[in-house]
Amino acid sequence: MPPDTSAPAQPVGGAPLGCPAEPFFDPGHFCTEAGLLWQLRRAQLAIGQLVSEATELGGPTVPQWVPLYQIHSGMANTVADLARKCTVDAGSMTRLLDRLEARGLCRRVRSETDRRVVHIELTPEGVSAAEQMPRVLSHVYNAVLDGFAPEEWAQLQALLGRLTGNAERLVGQGVGQEVAS
């Protein structure tokens with residue numbers, strides 16, 4: 001029988017650095033399926049699959065439509081900017097751009113003023129793919145939020161924002177290292 005994932009693990013005392021006074025997870029009764037990474041990743045994968053199924057042009061994957069949209073919206077126009085905006089390393093972004101370029105969705109153009117800089121331009125097909133993303137995302141997001149009240153959606157946004165803020169604040173502080181060794 002699979003573990004019950006509807007409720008978090010029971011809190012215990014003695015919170016380590018960066019944890020609430022009463023932790024939500026107990027190492028003695030830890031259940032992977034009730035964990036943050038597991039649940040967030042499952043939601044991300046399912047929503048990403050829905051987005052891929054809803055797109056035209058053979059369905060750009062989530063890692064592909066994000067940079068297409070970033071370029072189209074003017075938020076990034078170089079490989080380095082795009083890697084930063086998409087939170088991936090430059091090597092991963094180069095491999096992703098190789099796939100997008102092979103599909104005819106973008107092209108790389110070396111800067112005429114600084115040969116170290118490579119600009120990314122969308123092809124007409126890339127523009128078409130990027131332009132459909134707000135419609136596709138709105139449709140998919142509304143579908144997966146079916147049954148949520150507006151207040152619940154606002155609360156979920158606030159909670160996810162707080163979770164992200166906590167995680168970003170703790171990066172590099174060694175949280176969890178004392179128990180990993």
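Residues numbered from 1 in each chain as written. Predicted model: local features only at pLDDT ≥ 70, side-chain atom pairs only at ≥ 80, totals over all residues. Heavy atoms only, no water.

1. Focus on the nonpolar core
- Counting 18 residues, the largest nonpolar core has L68, L82, M93, L97, L100 and I120 as the members making the most contacts within it.
- Elements that contribute at least two residues to this core include exactly α2 (62-72), α3 (79-85), α4 (90-102), β2 (118-122) and α5 (124-144).
- When residues in this core are grouped by element, the largest group, four residues, is from α4.
- Once you skip the residues sitting within four places of it in the chain, L97 turns out to touch V79, L82, C106, R108 and I120.
- Core analysis: the second largest hydrophobic core is formed by six residues, W65, M133, L137 and V140 among them. (Core = buried A, V, L, I, M, F, W, Y, C linked by side-chain atoms within 4.5 Å. Buried < 20%, exposed > 50% of the residue type's maximum accessible area, 1.4 Å probe, protein only. Helix = DSSP H or I, 4+ residues; strand = E, 2+ residues; numbered from the N terminus. Contact = heavy atoms within 4.5 Å.)

2. Quick notes on the pattern of salt bridges
- One pass over the full model with this rule turns up five salt bridges.
- Of the charged contacts, one joins D81 and R84 as a salt bridge, the two residues approaching to 2.7 Å between their closest N and O atoms. Taken as a pair, D81 and R84 lie in helix α3 at a separation of three residues, close to a single helical turn.
- D81 gets classed as partly exposed once you look at its relative accessible area, which sits at 26%.
- E101 is the salt-bridge partner of R108, the closest N and O atoms lying 2.7 Å from each other.
- On the accessibility criterion, R108 (23% relative accessible area) is partly exposed.
- When its relative accessible area of 30% is taken as the criterion, E101 is described as partly exposed.
- Taken together, the salt bridges that share partners define one network made up of D98, E101 and R108. (Salt bridge = Lys/Arg side-chain N within 4 Å of Asp/Glu carboxyl O.)

3. Here's the deal with α4
- The end-to-end C-alpha separation of α4 is 18 Å, in line with the 18 Å expected for 13 residues at 1.5 Å each.
- Taken residue by residue, α4 has M93, L96, L97 and L100 as its buried positions. Buried positions in α4, seen along its axis, are confined to an arc of 100 degrees and lie on one side of it.
- The N-cap of α4, judged by a side-chain oxygen 3.0 Å from the amide nitrogen of G91 a few residues on, is D89.
- At the exit of α4 stands G104, carrying a positive phi of roughly 80 degrees. (Expected span 1.5 Å × (residues − 1). Arc of directions from axis to C-beta. Polar contact = N/O pair within 3.5 Å; in protein donor to acceptor, adjacent residues only side chain to side chain.)

4. Observations regarding the environment of L40
- By the secondary structure assignment, L40 is in helix α1 (residues 36-54).
- A relative accessible area of 41% means that L40 is categorised as partly exposed.

5. Description of unusual backbone geometry
- Located in the positive-phi region is T87, a residue other than glycine, with phi close to 50 degrees.
- With respect to the helices and strands, the residue T87 is situated in the loop between α3 and α4.

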